[in-house]
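Residue-level structure breakdown
If you want the building blocks of each chain, they are given just below.
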Protein chains: 2
Amino acid sequence: MQHNQLQIVENAVVYLSSDKTPLFFSDGLVLSAQAVDEERVLQWIAVESDSSDVTKRSDLHRMMDMTAEKLRLIGGSVEMVDVGTQTLPNGSSIALPKVVTARFGEDPSKRTVCVYGHVDVQPAKKEDGWATDPYELTDIDGNLYGRGASDNKAPVLAWIHTVEVYKALNIDLPVNVKFIIEGMEETGSNGLDDMIVAQKDSFFSDVDYIIISDCVWLSKRPALTYGTRGNCYFFAEVEGPKKDLHSGVYGGTVMEPMTDLIGILDKLISPSGKILIPGIREAVAHLSDEEWKMYQDIEFDLESYKREIGLSQLMYSNKVDLLAHRWRHPTVSIHGIEGAFSSPGTKTVIPAKVIAKFSIRQVPNMDPAMVEKQVTDYLHSVFAKRKSPNKLNVTMVIGAKPWLADPKHPLYEAGKAAVKRVFAVEPDLIREGGTIPIARSFQDVTGKSIIMLPIGGFDDGLHSQNEKISRYNYMEGTKLFIAFLHEVSQMEKH
Amino acid sequence: MQHNQLQIVENAVVYLSSDKTPLFFSDGLVLSAQAVDEERVLQWIAVESDSSDVTKRSDLHRMMDMTAEKLRLIGGSVEMVDVGTQTLPNGSSIALPKVVTARFGEDPSKRTVCVYGHVDVQPAKKEDGWATDPYELTDIDGNLYGRGASDNKAPVLAWIHTVEVYKALNIDLPVNVKFIIEGMEETGSNGLDDMIVAQKDSFFSDVDYIIISDCVWLSKRPALTYGTRGNCYFFAEVEGPKKDLHSGVYGGTVMEPMTDLIGILDKLISPSGKILIPGIREAVAHLSDEEWKMYQDIEFDLESYKREIGLSQLMYSNKVDLLAHRWRHPTVSIHGIEGAFSSPGTKTVIPAKVIAKFSIRQVPNMDPAMVEKQVTDYLHSVFAKRKSPNKLNVTMVIGAKPWLADPKHPLYEAGKAAVKRVFAVEPDLIREGGTIPIARSFQDVTGKSIIMLPIGGFDDGLHSQNEKISRYNYMEGTKLFIAFLHEVSQMEKH
C-alpha cells in the first residue's frame with residue numbers, strides 16, 4: 001500500500017492514500033490515519049490518575065487539565081464543569097475532578113454524536129505483579145503496557161486523534177462531535193449523573209447519539225457492545241473488640257470478628273456459582289431462544305479463554321452458558337478484606353474490625369435498591385444465627401444499574417458498516433460483563449441511543465496487572481472511529 | 001519512707017533505705033531500687049527491631065549491639081553468638097540477629113540462674129490505630145507507650161537494672177546470673193533452638209534455673225506463670241488464574257480463589273468456638289478436678305475483662321471455662337488474607353492468588369507434627385468437595401509446642417516469697433494463652449527447671465495498638481527481680 005505523507009500534527013502522523021484500502025468512503029475519499037501518538041499516550045499513562053486514592057487527587061486534576069488542553073489545541077470549544085465535592089469516610093470533603101466537555105462543529109444540518117470517555121484509572125502498584133512500571137508506558141512486541149492503556153486513556157486519545165485527522169486534512173467533520181470526559185469512572189462516576197441531569201437540555205439537547213469506547217472485544221474479531229452489567233458494591237464490616245488483640249493471649253475467649261466475617265461471606269455463593277441470597281436469581285430476565293441463538297453464533301473459543309486466564313476448568317463448559325454468565329447473569333465476587341493482616345509474613349493478631357469488600361454484578365431486571373435490601377437483610381439474618389456479640393454493618397457503596405440497547409438500531413448498522421470497512425469482517429454483537437454505569441444514566445436521562453464501540457483487545461488486562469493496548473488495536477481503532485463518523489453521517493434521518 | 005540516695009548509675013537511680021519497706025532481706029539489708037531509666041527505655045523503643053520485616057534487619061542488628069553493649073558496661077562477660085542465616089521466601093538469605101549471652105559471677109558455691117528475654121518486636125504502624133508514634137516512647141498518666149514496651153524490652157531492662165543495682169551498691173550478687181537475649185522471638189526464635197542444643201554442655205552446663213519474664217499478669221494481682229500454649233501457624237494458599245482479573249469482565253465464568261479460600265476457612269471453627277478439624281480436640285489433656293479448683297481460686301473478673309477488650313459477651317460466661325479456653329484448650333484464629341484487596345476504597349478485582357494466615361494454639365497433649373497433618377488433610381478434603389480447578393497449598397510455617405511446669409517446684413516457692421516481699425500478696429498461679437516456644441526448648445534440651453516471672457500488666461496490649469508498660473510495674477518489677485534472686489539464693493539445695 002502506497003501512502004503519501006500529508007502532514008504531521010504534533011506526533012500524529014496522518015496519511016492520504018490513493019489506493020483503496022483500508023478505508024473507502026462513498027464520496028471517493030480514501031483515508032488512512034496512523035495515529036502513532038505514543039508520546040502522548042506515554043505522557044497520559046505517566047499521570048497516576050487513580051480516582052480511588054484521594055492522595056492522588058492532584059494527579060487526577062492534572063489529568064483533566066491535560067485532557068482539556070489537548071481538546072482546545074485541536075480547536076474544540078472546551079469547558080471544565082465543576083461537579084462538586086466528594087465526602088470522605090472521615091467526614092471531610094475534597095473536590096471532584098472537573099468533567100471536561102468539548103464541541104467540534106455546530107452544523108444543524110449534520111447529526112451530532114457525543115463521545116464519552118474517562119481518564120482516571122484503577123489502582124496499580126509494581127509489586128502487585130507488574131512486569132513493568134504501571135505508570136511508564138512500555139512497548140513490548142507491539143503492545144503498549146501501562147495502567148489505563150486500554151481502560152480508557154488510549155481509546156480517548158484515539159477519539160481525539162479522529163477529530164485531529166479531519167482537522168489536519170482540512171476536511172470538515174461529517175458529523176458534529178462532542179466530548180464528555182470524566183475522571184471518576186473507576187469509583188462510580190461521582191457527580192456525573194447530576195451533571196447529565198443539569199445539562200440535559202443544554203449540552204445534550206442537540207446530541208443524537210452517544211458513543212462509548214470503554215470496553216473490549218471478545219476475541220480477535222471486532223465487536224459492537226449492546227449491554228453491560230451493573231454493579232452493587234458492598235462493604236460488610238464486623239466490629240468486635242475495641243482494639244486488635246494478641247491471638248495467643250485472647251484466642252479462645254472472644255468471638256473473633258474475622259471468623260464471623262468469613263462465616264457470612266461463605267454464605268453468599270456456592271462453590272458451583274449459585275448465588276445464595278434469596279430473591280437475587282429470581283429477578284433475572286429469562287434467556288430467550290433468540291438470545292441463545294445469538295450467543296451460539298458468537299466467535300468465542302473456550303480453550304483460548306482458559307489459556308488466557310490460566311485455568312484448566314471454567315464455571316461452565318459450553319459457550320452459551322459461559323457467555324450468559326459473563327454478560328446476563330449476576331455473580332458475586334469477594335475482592336478482599338480491609339483491617340485484617342494482609343502483609344507477607346506472620347502476625348498473631350485478632351483483628352478488631354474487618355471490612356469485607358464484595359460486589360454483585362447487576363443484570364436486567366435487577367434493581368440495585370432491592371439488591372441492597374436483599375443483601376443487607378440476608379447477611380444480618382445469617383449473622384444473627386451466629387449469636388455473636390460483634391456488630392455487623394452492611395453498606396452498599398456503589399449501586400450501578402445494568403444497561404441494554406437494541407442491537408437492531410440503525411446506529412449498530414453504522415457500527416457494523418464501519419467495522420466491515422476497516423477490518424473486512426462482520427463484528428460480533430456482544431455484551432460486557434463489566435459496568436459502565438454512565439451508559440444507563442445517559443439512557444435514562446437523555447433518552448438518546450447509545451452504542452459501545454470498543455477498540456481494546458480481549459486480552460488487555462483491564463483492572464489487572466500488565467494492562468496494555470496493542471499498537472494494532474490503537475491504530476486500527478482510530479481508523480474505525482473515522483469510518484464510524486462517516487457511516488453515521490450516511491444514516492437515514494428518522 | 002526515707003531514702004538516702006546512694007549513687008546514680010547512668011540513668012538508674014538506686015536508693016538505700018533504713019525503713020523496713022518494701023524489701024526486707026533476711027541478712028538485714030533493706031534495699032529499694034527505683035529504676036526510672038526512662039531514657040534507656042526510650043532509646044530501646046526507638047529502634048524498630050521488627051523481626052518479621054526483613055527491611056528492618058539492620059535495626060534489629062543494632063538492637064542486639066545495644067543490648068550487648070549495655071551488658072558489657074555493667075561488667076558482664078558478653079558474647080554475641082552467630083546463629084546463622086534465614087532463608088527468605090524468594091530464596092535469598094540474610095543474617096539472623098546474633099544471640100547475646102552474658103555472665104555475671106561464677107562462684108561455684110552459688111546457684112546460677114539464666115534470664116531469657118528478647119528485644120525484637122511485633123510490627124506496628126501509627127495508622128494501625130496507635131494514639132502515639134509506636135517507636136517514640138510516650139509517657140501518659142504513668143504508662144509508657146511504645147511497641148515492645150511490655151513485650152519484652154522493659155522487662156529485659158528491668159533484669160539488667162537488677163544486676164546493675166547490686167553492682168552500684170557494691171554488693172555481691174546472691175546467685176550467679178546469666179543472660180540469653182535473642183532477636184527473633186516474634187517470628188519463632190529462628191536459630192535459637194540449634195544454639196541451645198550446641199551450648200547445652202557449655203553455656204547451660206552450670207545453669208540451675210531458667211527465668212523468663214516475657215508474659216503478663218492476669219489481673220492487678222502479681223502472678224507466676226507455669227504454662228504456655230504453643231502455636232501452629234498456617235498459610236493456606238489458593239491459586240487460580242495466572243493474574244488478577246476484572247470482576248466485571250470475568251465474574252461468573254471462573255471459580256474465584258477468594259471464594260474457595262473463604263469456603264475452606266469457614267470450616268475451621270464453629271461460631272461457638274468448636275474446632276472442626278478432626279482429631280484436634282480429642283488430643284487435649286483432660287481438665288482435672290484439682291486444676292478446676294485452682295482456676296476457681298484465681299483472681300479474675302469477667303466483667304473487667306469484657307470492659308478491657310470492649311465486648312458485651314465472651315465465648316464462655318464463667319471464669320473456669322473462660323480461663324481453661326484461654327490457657328489449656330486449643331483455638332483457631334484467622335489473622336488475615338494476603339494477596340486480596342485490603343486497602344480502603346473499592347476495587348473490582350478477582351485476586352489470582354490469595355493466602356490465608358491462621359493459627360491453632362497448642363496445648364498438652366497436642367503434637368504440632370500431627371496437627372500439621374490433621375489440618376492439611378482436612379483442608380484438602382474440604383477443598384476437594386468444592387471441585388475447583390484452583391490449587392490449594394497448605395503449609396505450616398511455625399510449629400511451636402506448649403510448655404507446662406510443675407507449680408509445686410521450689411522455684412515457684414521462691415517466686416511466691418519474692419512476690420510477697422514486694423507486693424505483700426500471694427501471687428496467682430496462672431498459665432499463658434500465648435506462646436513462648438523457647439520455654440519448651442529449654443525444658444526439652446537442658447532439662448532445667450523454668451519459671452516465668454512476669455512484670456507486665458494484664459492490660460499492656462501486647463501485639464496490639466498502644467502497647468505499654470506502666471511505670472509502677474516497671475519499677476516494682478525491678479524490685480521483684482532483686483527479691484527473687486535473693487530468694488533463690490535461700491532455696492535449700494536438693
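The structure we're discussing is the one just above.
The notes below deal with the structure included here. This structure is a prediction, so every number in the text was calculated from the model and none was measured.

About the criteria used
Residues numbered from 1 in each chain as written. Chains lettered and ligands numbered in written order. Predicted model: local features only at pLDDT ≥ 70, side-chain atom pairs only at ≥ 80, totals over all residues. Heavy atoms only, no water. Contact = heavy atoms within 4.5 Å. Buried area = accessible area lost by both parts, 1.4 Å probe. Salt bridge = Lys/Arg side-chain N within 4 Å of Asp/Glu carboxyl O. Polar contact = N/O pair within 3.5 Å; in protein donor to acceptor, adjacent residues only side chain to side chain. Least-squares fit on C-alpha atoms with pLDDT ≥ 70 in both. Pairing = 2+ DSSP bridges. Helix = DSSP H or I, 4+ residues; strand = E, 2+ residues; numbered from the N terminus. Axes fitted to C-alpha atoms, helices over the stretch in contact; angles between N-to-C directions. Expected span 1.5 Å × (residues − 1). Buried < 20%, exposed > 50% of the residue type's maximum accessible area, 1.4 Å probe, protein only. Phe/Tyr/Trp six-rings, centres within 6.5 Å; stacked < 30°, edge-to-face > 60°.

**Observations concerning the interface of chain B and chain A**
Each partner contributes to the interface: chain B provides 87 residues, whereas chain A provides 88 residues. Roughly 7,500 Å² is buried in total at the junction of chain B and chain A, and carbon and sulfur atoms are behind 52% of that figure. Area buried by chain B at its contact with chain A is led by Thr253(B), Thr346(B) and Lys347(B), which between them contribute 8% of it. Across the chain B-chain A interface, the total number found is two salt bridges. For Asp266(B), the salt bridge goes to Lys267(A), with nearest N and O atoms at 3.0 Å. Summed over the shared surface of chain B and chain A, the result is 48 residue pairs in polar contact (both at pLDDT 80 or more).

**A word on the relation of the copies chain B and chain A**
Of the transformation superimposing chain B on chain A, the axial component is 0.1 Å and the angular component is 180°, with the fit at an RMSD of 0.1 Å. The two molecules are tied by a two-fold rotation axis, judged by turn and shift. Identified as the residue of chain B closest to the rotation axis by C-alpha distance is Ile262(B), at 3.0 Å. Both copies contact each other with a shared surface, as 100% of the interface residues of chain B are interface residues in chain A too.

**Let's talk about the sheet that holds strand β19 (residues 391–400) of chain B**
Residues and elements named next belong to chain B. Taken together, four strands build an open sheet; the order of strands is β16-β18-β14-β19 and the sheet is antiparallel. The strands lining the two open edges of the sheet, one partner per strand, are β16 (332–338) and β19. In this sheet, neighbouring strand axes are inclined to one another by 20° on average, regardless of whether the strands run parallel or antiparallel. Pairing of strand β14 (residues 230–239) with strand β18 (residues 353–362) involves ten bridges; the strand directions are antiparallel. Looking at the pairing, Val-238 lines up with Val-354 of β18.

**Points about the side chain of His118(A)**
Residues and elements named next belong to chain A. With respect to the helices and strands, His-118 occurs in strand β8 (residues 112–118). Here the side chain of His-118 touches Asp-120 through a polar contact of 2.9 Å, side chain to side chain. Within the structure, the side chain of His-118 is placed 3.3 Å from the side chain of Glu-185, a separation counted as a polar contact. Non-local contacts of His-118, meaning those with residues more than four positions away in its chain, are made with Asp-151, Asn-152, Lys-153, Val-156, Ile-181, Glu-182, Glu-185, Glu-186 and Asp-214.

**Focus: helix α13 (residues 471–490) of chain A**
Between its terminal C-alpha atoms α13(A) stretches 29 Å, which fits the 28 Å expected from 20 residues at 1.5 Å a residue. In terms of burial, α13(A) is a largely internal element, 16 of the 20 residues being buried.

**Some words on the packing of aromatic side chains**
Residue and element names in this part refer to chain A. Taken as a whole and judged by the stated rule, the model has 24 aromatic pairs over all chains. Both rings, one in Trp-159 and one in Phe-481, keep their centres 3.9 Å apart while their planes meet at 10°; by these two values the pair is stacked. One end of the pair, Trp-159, is in helix α3 (residues 149–168); the other, Phe-481, is in helix α13, with 322 residues separating them in the sequence. Judged by its relative accessible area of 1%, Trp-159 falls in the buried class. Taking the relative accessible area as the measure of exposure, Phe-481 reaches 0% and is therefore buried.

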